[in-house]
Structures are given as C-alpha cells and as structure tokens.
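Observations on the model geometry
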Amino acid sequence: MSGGRRIPVIGDTYVDREFGTGALKITPGHDPNDYEIGKRVGLPIINIMNKVSALFNVTLASLPSATPPHHREQRHARTVRASQRERHQGD
C-alpha cells in the first residue's frame, strides 16, 4: 500500500519483457503513455495538486532535505496559507 491505497499489479502489451525486469510503474496522470495504459485497464487518475498548484497533504518533513531548514519552513508556510485561502474561497 502507498498512502493508504492499494497498488494494483496489471499486465499490458506496452511493457517489453526483454527490457530490464519487464516491470513498469504506471502513473496515468503523469505521462501520455501511462494515461493510455491506465485507460485500457481502468486505473484511476489521482489528482495530487490543488487549485493553486500546490501538493495536497504537504508536510514539512516531505520537502527536500537539501533545502536549508529556514527555506523549507518558509515554503511550507506559503503552501499552508495558499491551501487555507483555497478552502475559504470554496465557502
């Protein structure tokens, strides 16, 4: 499971078994080829962005550790404020 979701294992002719492991991660909302595979097998397109193009459920710990701590905190605060504005606009 990932983020509380079950991850389905599917088969599709797009995957070349002779290349690497023959396994492929499919993200239908990310790539045109993945979208077509997802459509064929009925995978959902999961939106992880809100209306202001910030990620849903962003936590301070999820931001890249290479970013200096004070910058991570500022970026997190901006994301939280944008998310709160978006929620209030929907009222």
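Placed above this text is the structure.
The rules we used
- Residues numbered from 1 in each chain as written.
- Predicted model: local features only at pLDDT ≥ 70, side-chain atom pairs only at ≥ 80, totals over all residues.
- Heavy atoms only, no water.
- Patch = residues over 30% accessible without salt bridge, like charges linked within 9 Å, V, L, I, M, F, W, Y side chains within 5 Å.
- Areas by Shrake-Rupley, 256 points an atom, 1.4 Å probe, with all protein chains shown as cover.
- Salt bridge = Lys/Arg side-chain N within 4 Å of Asp/Glu carboxyl O.
- Helix = DSSP H or I, 4+ residues; strand = E, 2+ residues; numbered from the N terminus.
- Buried < 20%, exposed > 50% of the residue type's maximum accessible area, 1.4 Å probe, protein only.

Taken together, the side chains of Ile46, Ile48 and Met49 define a hydrophobic patch exposed on the protein surface, amounting to about 250 Å² of accessible area. Here Ile48 lies in the loop between α1 (32-41) and α2 (69-89).

With that settled, the discussion passes to the pattern of salt bridges. Per the stated rule, a full pass over the model turns up 2 salt bridges. Between Asp12 and Arg40 there is a salt bridge, with the nearest N and O atoms lying 2.8 Å from each other. Separated by 28 residues along the polypeptide, Asp12 in the segment before α1 and Arg40 in helix α1 bring together distant segments of the chain. Across the pair Lys39 and Glu36 runs a salt bridge, and its minimum N-O distance is 3.7 Å. Residue Lys39 and its partner Glu36 are located together in helix α1, separated by 3 residues, close to a single helical turn. Judged by relative accessible area, which is 35%, Glu36 ranks as partly exposed.

Here we take up the environment of Gly29. Here Gly29 shows up in the segment before α1. In this structure Gly29 comes out as exposed when scored by relative accessible area, which is 59%. Distance in space between the C-alpha atoms of Gly29 and Pro44 is 8.6 Å, their sequence separation being 15 residues.

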